[in-house]
Every structure is written in structure tokens, then in C-alpha cells.
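Results of the structural survey
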Amino acid sequence: MKKIILLNIFYFSFCTLAVKSAEKGGMPQLDPEFWVSQIFWLTITFGTLFLVLSKFILPRISKNLEQRKLQILENIETAEKQREQSEKNLKEFDEIILKSKNKAKELMLAARERVVSEITKKKIKLDEDLNSEIQNVEKEIIELKLSSPKKINSIASNITNEVIKRLIGTDVNESSVSALVEQELKKLSRSTYGI
Amino acid sequence: MAANPMYQFNVYRIGPEIKIGEIDLSFTNASLFMVISSLAILIIFNLGAQKRNIIPDKIQLLSELSYTFVSKMISDTAGSKAKPYFSFIFSLFMFVLFCNMFGMIPYSFTVTSHIIVTFVLAAFIFIGVTIIGFIKHGFGYLKLFVPSGVPVVLLPLIVVIEIISYLSRPISLSVRLFANMMAGHTMMKVFGGFVVSLGIVGGWLPLSFSVALTGLEILVAFLQAYVFAILTCIYLNDALNLHH
């Protein structure tokens, strides 16, 4: 009860204060002198603001935004296209490289084969040449071998003949000299070669 | 007189007295700031709309960001049906925001600190939303007052409460904005008066408080404009999509 009375006193004192301050001027907001003017000017300013914004400015902003969106989408599309194209190009490039690699391999193999076959051909020829040369030389050697004792015999008999002529001063029968030389040589060769 | 914290809300005539019959339509300081706010909005957004860069510069970015901000706010609260009302809500939000912000300049006048201005705006919104509701739903719009899933016994009470809450919408909407602006500006004036009266010795505390209050008031100026716009969207949502 006491609280209510206190509250009432407070409330009434507040009311009288408010009334007094209102009489003094108080809240200018509650003074109706310029209410109509304010409503009038609010209508005019807000009305023009609304009309100009909605008719001229906002459509342009929304158009701008839309255009930007479109442009961005377009750009993304072209970027996507270009990416695909570049991927394609990359694939082609890879293919070309692979092809050329294969070709190079083939070329290399062919060249190698050619070289190898040439080398073998030449080798064979060389071998043949060498063989024939060797055979010739061997033949010559054999011939030489075969002919050498005879030559040696004749040389030895000639030399002996000459030596005897000088020493004695008379011609000796050639056939007997050569027979003697041959006999001696045979003995010599038997002692040197151990035959 | 200037020491009176309510003095800043005085409306006075600028220029000649304009009278049509008995009605006083004189140009006042309030009208001046309405015109300044509207012109500022128009100039800024016109500049922003004129440029068509793909990469926006600052003023273009400002206008485009506010555009997307308001359009997102509307689509979030009222859905896609509220698109035709976009330009109205955009101008409303910008008008209230710019009036609040211009009020933050010292020695200026805060248009939205007058109940008559906010009440006219709120009443216009209220009437408009009600008309839209009746056009969209006919008498079915009255279903708004009958929430579904309420026991029949409670129904008369609920309907009365709903009607009262619906009718008090313009009052709550207008008083919220008006009271916030008035209270904030009065407080700043009072603390400014303290700074003067306490002088160089004791004036530092109210001065620092005043600085903090200025920041808070700028926040409130934005917030109240936002709340005003978003409540309009919510009322519009009730009218467009009958949820109950």
C-alpha cells in the first residue's frame, strides 16, 4: 500500500513536472504549430526522393549489377572455352610429340640397321680381302719355301765353284760340285734341324 | 535558452511565411534538413548509378552495396513477392538513415526526432500495408487476427490482443524511432552542458562520455533506420504471405 502511494506521488509529481515543462516550451515535438508544415514538406521531399529513386536511379543501379553479372558469366564462359581449347591443344601437342618420338626412334633404328649392315658388308669384304691376301702370301711363302733349298743349292754350288776356281785356278766339273754341295747341305741341315 | 537540452528540437521558420488559408506551410529548419537529406541521397546515388565500370570505384561501390544490402534485407524478411516494393523501402531506409546521420552534425536538426514526421511515415506504411493485405487476400486478411492452433476458449481474448497489437504498429514504429533519436540527442546535449558547467577541472569525464556517446549515437542512427526498414518489411511480409 505504501509502495502504491509512493508510486502515485512520484507519478503525479512527474506529471506536473511534465505539464509545467510543456507550458514553458517543454518538448517542441508536441507543439502542433509546425505539424502541418512538417507533414507537407515531408510529403514533398520524400515523394520526390521516392519518385526520382524509383524512376531513374535504382533501375540504373540494378541494370549495372545485372550487366556485371552477365559480363562475369560471359567471362567465365569464355574462360571455360579457352581452357577446353588449351587442353585440346595440349593433347594435340602431346600426340605430336609422341608421334615424332616414335618417328625418331624408327629413323634411328633404320639408320642403325643400315650402318650395321654396311659395317658387316665391309667387314665381310675386308675379311675376304684379307683371306685372299693371306692365301696369296701363304702361297708365296710356300713357293719360297719350296724353291729356297734349290736356290740355296745352286748358290752354294756356284759359290763353291768360284771358290775352287780361285783356289786351284782350274774349272771343275759343275755337276760333281753340285752333288757334293748337296750332300754336305743335307748333312748340315740334318745337324741343325735335327732331322 | 541554449542550455536547455530540448532547445535543439525547436522548429522555426526559415524565409517567408507561406500560408494557404489558415494552414501554415512555411519552410522551416526541419524542411531544410529534409531537403538536404533527400538531395544528398539523390546526388550520391546518382553519381553511383552513372558509372558503369565492371570494377566499381568507391561511390559506385557504395551505391551498389546499399542496393544489394536493402534488396537482401527485403528478400530475407518478406520473400520474393516484396520485390515491387523495393524502391519504396530503399528510399525509406535511406531517408531515415540520412536524416539520422545529418542530425549527428553539431548544430544541425534531426528530422526524425519529431514524432509527427515518424508518425506520418509509420501511418503511411501502416495504411499501405493494410490496403495491400486486403487487395491480396480480400477479407481473408482478417485471418491475421486469428492465429491457428489456439484453443477456442482463448480465441476471443487472442483476437482482441492481436487487433490491439496490429493497431499499435504505427505507434510503436514511430515512437521507437522518435524516442531513440530524441533521447540520444538530449543525452548528448546534457553531457555537453556538463562539460561546460564543470569547466576545465571536472569536464573531462563528461567529455569522454560525450565522445563515447557520439559513437553510440551514430550506431543508433544506423540501427534505428535499419529497424524501421526491417519492421516495414516484416509488416509487408504479413500482408503478402498470410502465415497464420
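Residues numbered from 1 in each chain as written. Chains lettered and ligands numbered in written order. Predicted model: local features only at pLDDT ≥ 70, side-chain atom pairs only at ≥ 80, totals over all residues.

Another aspect to go through is the overall build of chain B. Of regular secondary structure, chain B possesses 7 helices and 2 strands. Seen in sequence order, chain B has helices and strands lined up from the N terminus as β-β-α-α-α-α-α-α-α. Residue burial in chain B is summarised as follows: out of 244 residues, 32% are buried. Pairs at least 24 residues apart make up 65% of the contacts formed inside chain B by residues separated by at least 6 positions. (Helix = DSSP H or I, 4+ residues; strand = E, 2+ residues; numbered from the N terminus. Buried ≥ 20, exposed ≤ 12 C-beta atoms within 10 Å, placed from the backbone. Contact = placed C-beta atoms within 7 Å.)

Moving on: the overall build of chain A. The helix and strand tally for chain A stands at 3 helices and 0 strands. The proportion of buried residues among the 195 residues of chain A is 8%.

Residues and elements named next belong to chain A. The largest bend in helix α2 (residues 35-168) comes to about 45°, at Leu53. With respect to burial, α2 is a largely exposed element, only 13 of its 134 residues being buried. Once α2 ends, the next one or two residues include Gly169, with phi positive near 90°. (Bend = angle between axes of the 7 residues up to and from the residue.)

Quick look at the environment of Glu133 of chain A now. All names here are of chain A. Structurally, Glu133 can be placed in helix α2. A count of 10 C-beta atoms within 10 Å places Glu133 in the exposed class. Spatially, the C-alpha atoms of Glu133 and Arg60 are 105 Å apart, while their sequence positions differ by 73 residues.

The next thing to look at is the interface of chain B and chain A. Each partner contributes residues to the interface: chain B has 36 residues there, and chain A has 30 residues. Those elements giving two or more residues to the side of chain B that touches chain A turn out to be β2 (23-24), α1 (29-50), α2 (58-78), α3 (86-103) and α4 (115-137) of chain B. Grouping the amino acids of the side of chain B that touches chain A by side-chain chemistry returns 22 nonpolar, 11 polar and 3 charged. (Nonpolar A, V, L, I, M, F, W, Y, C, P; charged D, E, K, R; others polar.)

Counting residues in hydrophobic clusters, the biggest one holds 58 residues, and the most contacted among them are Ile89, Phe93, Phe95, Val96 and Leu236 of chain B. Where this core is concerned, the elements lending two or more residues are α2 of chain A together with α1, α2, α3, α4, α6 (169-202) and α7 (204-240) of chain B. Look past the residues within four positions of Leu236 of chain B in its chain and what remains in contact with it is Ala78, Ala82, Tyr85 and Val129 of chain B. (Core = buried A, V, L, I, M, F, W, Y, C linked by C-beta atoms within 7 Å.)

Let us look at the confidence of the model for chain A. Taken residue by residue, chain A gives an average pLDDT of 83. The fraction at 70 or more is 85%. Within chain A, the element-level pLDDT minimum falls on helix α1 (residues 2-24) of chain A, averaging 52, and the maximum on α2 of chain A, averaging 91. (pLDDT = per-residue confidence, 0-100.)

The subject of this paragraph is the confidence of the model for chain B. A residue-level look at chain B finds 98% of positions with pLDDT of 70 or above and a mean pLDDT of 90. This prediction of the complex comes with two scores: 0.72 for pTM and 0.90 for ipTM.

Residue and element names in this part refer to chain B. Relative to the helices and strands, Met181 resides in helix α6. A residue is classified by how many C-beta atoms lie within 10 Å of it, and Met181, with 26 of them, is buried. Each C-alpha atom, one on Met181 and one on Ala221, is 7.4 Å from the other, the two residues being 40 residues apart in sequence. Residues contacting Met181, with those up to four places away along its chain left out, are Asn100, Gly103, Thr110, Thr112, Ser113 and Gln224.

Turning our eyes to something else, we now look at unusual backbone geometry. Even without being a glycine, Tyr107 of chain B presents a positive backbone phi close to 70°. Examined against the element boundaries, Tyr107 of chain B turns out to sit in the loop between α3 and α4.

Quick look at the packing of α2 of chain A against α3 of chain B now. Where α2 of chain A contacts α3 of chain B, the two axes come as close as 9 Å, and the packing angle between them is 125°. It follows that α2 of chain A is oblique to α3 of chain B by the angle criterion. Taken as a pair, α2 of chain A and α3 of chain B cross one another with a handedness that is right-handed. When α2 of chain A is examined against α3 of chain B, the residues Phe46, Leu49, Phe50, Leu53, Ser54 and Leu58 of chain A are found in contact with a partner set consisting of Ser87, Phe88, Phe90, Ser91 and Phe95 of chain B. Classifying every residue of the contact of α2 of chain A with α3 of chain B gives 8 nonpolar, 3 polar and no charged. (Axes fitted to C-alpha atoms, helices over the stretch in contact; angles between N-to-C directions. Parallel < 35°, antiparallel > 145°, perpendicular 65-115°, else oblique. Left-handed = near helix turned anticlockwise from the far one by under 90°.)

Here we come to α4 of chain B. Along its 23 residues, α4 of chain B runs 32 Å from first to last C-alpha, staying within 8% of the 33 Å computed at 1.5 Å per residue. Looking at the buried residues of α4 of chain B, the elements they touch are α2 of chain A together with α6 and α7 of chain B. With its phi angle positive at about 60°, Gly138 of chain B sits one or two positions after the end of α4 of chain B. (Expected span 1.5 Å × (residues − 1).)

Residue and element names in this part refer to chain B. Following both chains from N to C, one finds α6 and α7 inclined at 175°, their axes separated by 9 Å at the closest point. As the angle between them shows, α6 and α7 are arranged roughly antiparallel. Of the residues contributing to the contact of α6 with α7, the split by class is 19 nonpolar, 7 polar and 3 charged.

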